[in-house]
Amino acid sequence: MIKRPDYPPMDTAIVMRTVLIALIPGIIAMTLFFGVGVLLNITTAILTALACEALCLGLRKRPIHPRLTDLSAVLTGVLIALALPQAAPWWLVIAATASSVILGKHLYGGLGQNPVNPAMLGYALMLISAPVAMTTLWINPLATPDVATAWSAYLGQASDAVTGATTLDLYKTEFRSLTAIEASRNPLFSQAHLGLIYGYEWVALAYLIGGLWLIYQRVITWHTPVGLLATLIVISAFFSFDPDTATPVWVHLVAGAGVFAAFFILTDPVSGATSPKGRLWFAIGVGILTYLIRTYGQYPDAIAFAVLLMNFAAPMIDHYTRPRIMGREASVKGPGGQS
Amino acid sequence: MAEYRIRHCERQLEGGIHPETHKDLSTSAPCVFIDDPKRLVFPIHFSGGGPGESLVSIGDTVSQGTPIIKCRSGIIHVASRAGKVIDITDHAITHPSNDVSASIIIEPNGSKDQSYLEPLVWPFDADTLRDRAIEAGILGLGGAGFPSFKKWSDGTQTLIINAAECEPYLTADDTLMRIDTHSMIRGACMLSQTLAIKTIVIGIEDNKPEALEAIENALKESRSDCFFDIVLLDTKYPSGSARQLVWLTLGIEVPTGSRSVESGVIVHNPGTLAALSRAIDGKPITDRIVTLTGEALTTPKNVIAPIGTPISYLIEATNTNPASLASITVGGPMMGYPVTDFDAGITKTTNCLLAREVEIPPESPCIRCGACATVCPVRLQPQQMVFALKGGSLDRAIHEGLTDCIECAACNAVCPSHIPLAEWFRLGRFEAREQANEQRLATEARERFEARNRRLERIAQEQEAKRAARKAKTADALEKARRAREESA
């Protein structure tokens, strides 16, 4: 039995490495169901991230060594690659990663200074500037592409046979006219396998395993994932009293980036709230916004926008969620002191 | 036999860390007396108890126990050995500033001349004991150096003996409890009986079985009617911090900005109580147990050394060449500070000299992981405080709770970015105190000014009233005279 560590890893690079290791199950599951395009994207993103990091450090006249090797750029690259459509062309991956690292991180002063989540900033920018690529190049897990197909998608010639809208989007738009029973006849949403969505449940499970390991390693706390997932479950369960119009709980939970984001995106400590209580509220806020944007918005998924919006709210959350200091009657609330 | 019980602490220290203790390094060798050094150094302003003044002149011959420094708080420091005052000059001091300060230099002459105080005869009252503590120079020997008599207020319910010694490497208290148990127990009993304290709590970490056994044996022999409540604490840093210890043993949260005394609790270090016991017999503090430890010393051990012994002499006592060390840590690895000039003499609060080479990895930016907050025993958010301090906003850091920081440095130990958080907080707290002082002085000046204005105004008003009264009187008289003239006319 391996003893649970008392503290988080005592070096930034090891923190980053631990998160990267925790992503491995998810990456394997993604590759199995969505093809090797996932790995192509990850490789491209890592190389781009490192190049951009080195470029920015050089331009900012900062030493390349300790920052480039702390794996933070690598992690940003992997996260953005996993968030992008699996059949994304190479230029989309490069553009997304470059904007993450340059605009999301170095423009604000590099590691530890970014006000918003760099990966989500890159993702949102791409969603706005390349909407077609970002909404139509998602792999259908029922038609996992072979290496050749994945490679041509990477070069910009994605086959319509394997790509489409995201499953979440699919359920919302195409099944709007159908009843829940009719929708479940689609093999993607067939109840035959675990009663979930083909492929996605395994990906979600893989991310869950990696995420739980991160909690075990004390890199993250339970507050963030529980806050997001519980909020999504509660809200979507409440509206599921009418299954024919509302997207069911399990689609909300498994089909989108829910589990991945709960453990790996919202947990970015720099741009999130900092106290445990604050993290909980931060995640609940993301959960509410995600549901609202998914249901009433026009975007395929909503995590990116919800996270960015809550990033702006994080300093305020910090002001109202300070723990009660020992020896004081109550916690100090609100901003204070000259800034 | 004194009544006692041993219980496991039912509370858990919030936050805290489990550093490697390295205590066996210095406890494996027996504690020894060291020979008198060639010279003793007594800083006039930094011997503990506040700034002071010299009571001797160059050329004076002093006995062991002769008062040499009187501090502003009243505390008197004595010569730890008989000898001659060879100089009063600026000398290196054992202080975080690593500065020089006016010091009395005494050259011991090896004579056994003693000039002790009259033993106190029981029964004596609290004031007598306070006076004795002042004359004998009793300070908190745990490291803070707070004048002990200031803690002894009437209406105290509990005395806590802080035997936790949670700092890694330190074994001075542990050693004292093993070899000087009776003095400690006697000092505690005397103090308790004088202040009518019923319960004496001993908070001790569970990694000191030998000390615990010694205490039990001493209590079995003691004839005191005090009740001893021995609380076994989990070995976790910083359970020996006064506030944390009060909470762990009694469940009392000492309110922010007040001392534990105001909550009816006195916390004393074992060494302080042993020194008090000897002071009652007439012997002021002249020696203390110092832990000489660290991987860089050849033979680490505990020694009983005269106050004022130069650090270099103690390093040599461990068969180590002082020149081989760049600096030495005074205190433990968590809260200690480096001293580079080994000519400085130890003071009453020097509990440990730690020599080891630590490689501090380069600092990287804070990623707000919050590890520091999870180990903070006072539930502060160090990441927020250091952000404010680095941004130059002391106000915001204070708003985040800077003044509640106990400077335990647990946050330093877990920071993945290797940020010297505790150093920032020490600096910030120092600045905050300065600021508060300035504010107090400004307020006082303003109040004086306003009081003067009010006084002047009152005087002016009184004079005005008098003048008006005189005027009215004159007018009255004139009126009367006019009427009289009219009537007579």
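Residues numbered from 1 in each chain as written. Chains lettered and ligands numbered in written order. Predicted model: local features only at pLDDT ≥ 70, side-chain atom pairs only at ≥ 80, totals over all residues. Heavy atoms only, no water.

### Looking at the overall build of chain A
Here is step 1 of the chain: On a plain count of helices and strands, chain A comes out with 16 helices and 2 strands.
Here is step 2 of the chain: Against the 2.2 N^0.38 benchmark of 20 Å for 339 residues, chain A shows a C-alpha radius of gyration of 20 Å, consistent with a compact globule.
Here is step 3 of the chain: Overall, chain A is about 60 × 50 × 45 Å in size when its C-alpha atoms are taken along their principal axes.
Here is step 4 of the chain: Taking contacts inside chain A between residues at least 6 apart in sequence as the whole, the part at least 24 apart equals 74%.
Here is step 5 of the chain: Surface summary for chain A: the accessible area is close to 14400 Å², and the carbon and sulfur share equals 70%. (Helix = DSSP H or I, 4+ residues; strand = E, 2+ residues; numbered from the N terminus. Rg over C-alpha atoms; globule rule 2.2 N^0.38 Å. Contact = heavy atoms within 4.5 Å. Areas by Shrake-Rupley, 256 points an atom, 1.4 Å probe, with all protein chains shown as cover.)

### What to know about the sheet that holds strand E4 (residues 52-54) of chain B
Residues and elements named next belong to chain B.
Here is step 1 of the chain: If you walk across this open sheet you meet the 3 strands as E4-E6-E7, and the pairing is antiparallel. Two strands bound the open sheet, and with one partner strand each, they are E4 and strand E7 (76-78). In this sheet, adjacent strand axes meet at a mean angle of 25 degrees when their direction is disregarded.
Here is step 2 of the chain: Summarising the sheet, strand E6 (residues 67-71) and E7 pair through 3 bridges and their orientation is antiparallel. The residue of E7 that forms the bridge with Pro67 is Val78. (Pairing = 2+ DSSP bridges. Axes fitted to C-alpha atoms, helices over the stretch in contact; angles between N-to-C directions.)

### Brief notes about helix H15 (residues 276-296) of chain A
Here is step 1 of the chain: Across its 21 residues, H15 of chain A extends 30 Å between first and last C-alpha, which sits within 8% of the 30 Å expected from 1.5 Å per residue.
Here is step 2 of the chain: Of the positions making up H15 of chain A, those classed as buried are Gly278, Arg279, Phe282, Ala283, Gly285, Val286, Gly287, Thr290, Tyr291, Ile293 and Arg294 of chain A. (Expected span 1.5 Å × (residues − 1). Buried < 20%, exposed > 50% of the residue type's maximum accessible area, 1.4 Å probe, protein only.)

### What about the domain arrangement of chain B?
As a measure of interface size, the accessible area lost when the parts come together is often cited.
Residue and element names in this part refer to chain B.
Here is step 1 of the chain: We note that the domain assignment places domain 1 (3-36 + 118-293) and domain 2 (366-459) within chain B.
Here is step 2 of the chain: The straight-line distance from the C-alpha centre of domain 1 to that of domain 2 is 30 Å.
Here is step 3 of the chain: With 11 residues of domain 1 in contact, the opposing surface of domain 2 contributes 12 residues.
Here is step 4 of the chain: Note that Arg379 and Glu14 form a salt bridge whose closest N and O atoms lie 2.7 Å from each other.
Here is step 5 of the chain: Where domain 1 packs against domain 2, one counts 5 residue pairs in polar contact (both at pLDDT 80 or more).
Here is step 6 of the chain: Of the residues in the side of domain 1 that touches domain 2, the class split is 3 nonpolar, 5 polar and 3 charged. (Domains from an automatic or database assignment. Salt bridge = Lys/Arg side-chain N within 4 Å of Asp/Glu carboxyl O. Polar contact = N/O pair within 3.5 Å; in protein donor to acceptor, adjacent residues only side chain to side chain. Nonpolar A, V, L, I, M, F, W, Y, C, P; charged D, E, K, R; others polar.)

### Some remarks on the domain arrangement of chain A
All names here are of chain A.
Here is step 1 of the chain: Here the domain parsing of chain A yields domain 1 (35-164) and domain 2 (167-321).
Here is step 2 of the chain: Look at where the C-alpha atoms of domain 1 and domain 2 centre, and you get two points 21 Å apart.
Here is step 3 of the chain: Taken together, the contacts link 21 residues of domain 1 with 20 residues of domain 2.
Here is step 4 of the chain: Roughly 1800 Å² is buried in total at the junction of domain 1 and domain 2, and carbon and sulfur atoms are behind 77% of that figure.
Here is step 5 of the chain: The tally of links from domain 1 across to domain 2 stands at 2 residue pairs in polar contact (both at pLDDT 80 or more).
Here is step 6 of the chain: Elements supplying a minimum of two residues to the side of domain 1 that touches domain 2: helix H4 (72-83) and helix H6 (118-129).
Here is step 7 of the chain: In terms of residue count, H6 provides more of the side of domain 1 that touches domain 2 than any other element does, 7 residues in total.
Here is step 8 of the chain: Taken together, the residues of the side of domain 1 that touches domain 2 sort by class into 15 nonpolar, 6 polar and no charged. (Buried area = accessible area lost by both parts, 1.4 Å probe.)

### Remarks on the nonpolar core
Here is step 1 of the chain: Counting residues in hydrophobic clusters, the biggest one holds 94 residues, and the most contacted among them are Leu23, Leu82, Phe264 and Leu266 of chain A.
Here is step 2 of the chain: The element contributing the most residues to this core is helix H1 (residues 12-34) of chain A, with 11 residues.
Here is step 3 of the chain: If we ignore the near neighbours within four places in the chain, the residues touching Leu23 of chain A are Leu75, Val78, Leu79, Leu82, Tyr207, Phe260 and Phe264 of chain A.
Here is step 4 of the chain: Core analysis: the second largest hydrophobic core is formed by 64 residues, Ile138, Met184, Ile197 and Ile200 of chain B among them. (Core = buried A, V, L, I, M, F, W, Y, C linked by side-chain atoms within 4.5 Å.)

### Let's talk about the interface of chain A and chain B
Here is step 1 of the chain: Residue-level contacts link 35 residues of chain A with 41 residues of chain B.
Here is step 2 of the chain: Buried surface at the junction of chain A and chain B, summed over both partners, amounts to about 3100 Å²; 50% is from carbon and sulfur atoms.
Here is step 3 of the chain: When the buried surface of chain A facing chain B is broken down by residue, Tyr7, Thr274 and Met326 of chain A rank first, second and third, together holding 22% of it.
Here is step 4 of the chain: Where chain A touches chain B, the interface holds 4 salt bridges.

### Remarks on a nonpolar patch on the surface
Residue and element names in this part refer to chain A.
Here is step 1 of the chain: Side chains of Ile21, Ile24, Ile28, Leu32 and Trp213 sit close together on the surface and give an oily, nonpolar patch of about 470 Å² of accessible area.
Here is step 2 of the chain: Looking at which element gives the most residues to the nonpolar patch, the answer is H1, with 4 residues.
Here is step 3 of the chain: Tracing the sequence through the fold places Ile24 in helix H1.
Here is step 4 of the chain: A relative accessible area of 42% places Ile24 in the partly exposed class. (Patch = residues over 30% accessible without salt bridge, like charges linked within 9 Å, V, L, I, M, F, W, Y side chains within 5 Å.)

### Observations concerning unusual backbone geometry
Residue and element names in this part refer to chain B.
Here is step 1 of the chain: Of note, the bond from Trp122 into Pro123 is cis; its omega dihedral lies within 30 degrees of zero at 0 degrees.
Here is step 2 of the chain: Inspection of the secondary structure assignment puts Pro123 in the loop between strand E9 (100-108) and helix H2 (126-135).
Here is step 3 of the chain: Backbone geometry places Ala196, a non-glycine residue, at a positive phi of 60 degrees.
Here is step 4 of the chain: Relative accessible area serves as the criterion here: at 53%, Ala196 is assigned to the exposed category.

### Comments concerning the pattern of salt bridges
Any two side chains of opposite charge can pair, given that their charged atoms come close.
All names here are of chain B.
Here is step 1 of the chain: Here the structure, examined in full by the defined rule, presents 30 salt bridges over all chains.
Here is step 2 of the chain: Note that Asp287 and Arg81 form a salt bridge whose closest N and O atoms lie 2.8 Å from each other. Residue Asp287 is located in strand E14 (residues 287-293), and its partner Arg81 is located in the loop between E7 and strand E8 (83-92); the two are separated by 206 residues in the primary sequence.
Here is step 3 of the chain: Residues participating in the shared-partner salt-bridge network are Arg5, Arg7, Glu10, Arg11 and Asp229.

### Considering H2 of chain B
Given 3.6 residues to a turn, an α-helix orients residues that are three or four positions apart in the same direction.
Here is step 1 of the chain: Buried within H2 of chain B we find Ala126, Leu129, Arg130, Arg132, Ala133 and Ile134 of chain B.
Here is step 2 of the chain: On the buried face of H2 of chain B, the contacting elements are E7, helix H4 (181-194) and helix H7 (270-280) of chain B.

### Side note on the packing of aromatic side chains
Residue and element names in this part refer to chain A.
Here is step 1 of the chain: A complete count under the given rule lists 9 aromatic pairs over all chains for this structure.
Here is step 2 of the chain: With 4.9 Å between their ring centres and 45 degrees between their planes, Tyr207 and Phe260 make a pair best called tilted. Of this pair, Tyr207 sits in helix H11 (residues 200-216) while Phe260 sits in helix H14 (residues 258-265), and the two are 53 residues apart along the sequence.
Here is step 3 of the chain: A residue is classified by how much of its surface remains accessible, and Tyr207, at 4% relative accessible area, is buried.
Here is step 4 of the chain: For Phe260, a relative accessible area of 6% puts it in the buried group.
Here is step 5 of the chain: Taken together through their ring pairs, the aromatic side chains of Tyr207, Phe260 and Phe264 make up a single cluster. (Phe/Tyr/Trp six-rings, centres within 6.5 Å; stacked < 30°, edge-to-face > 60°.)

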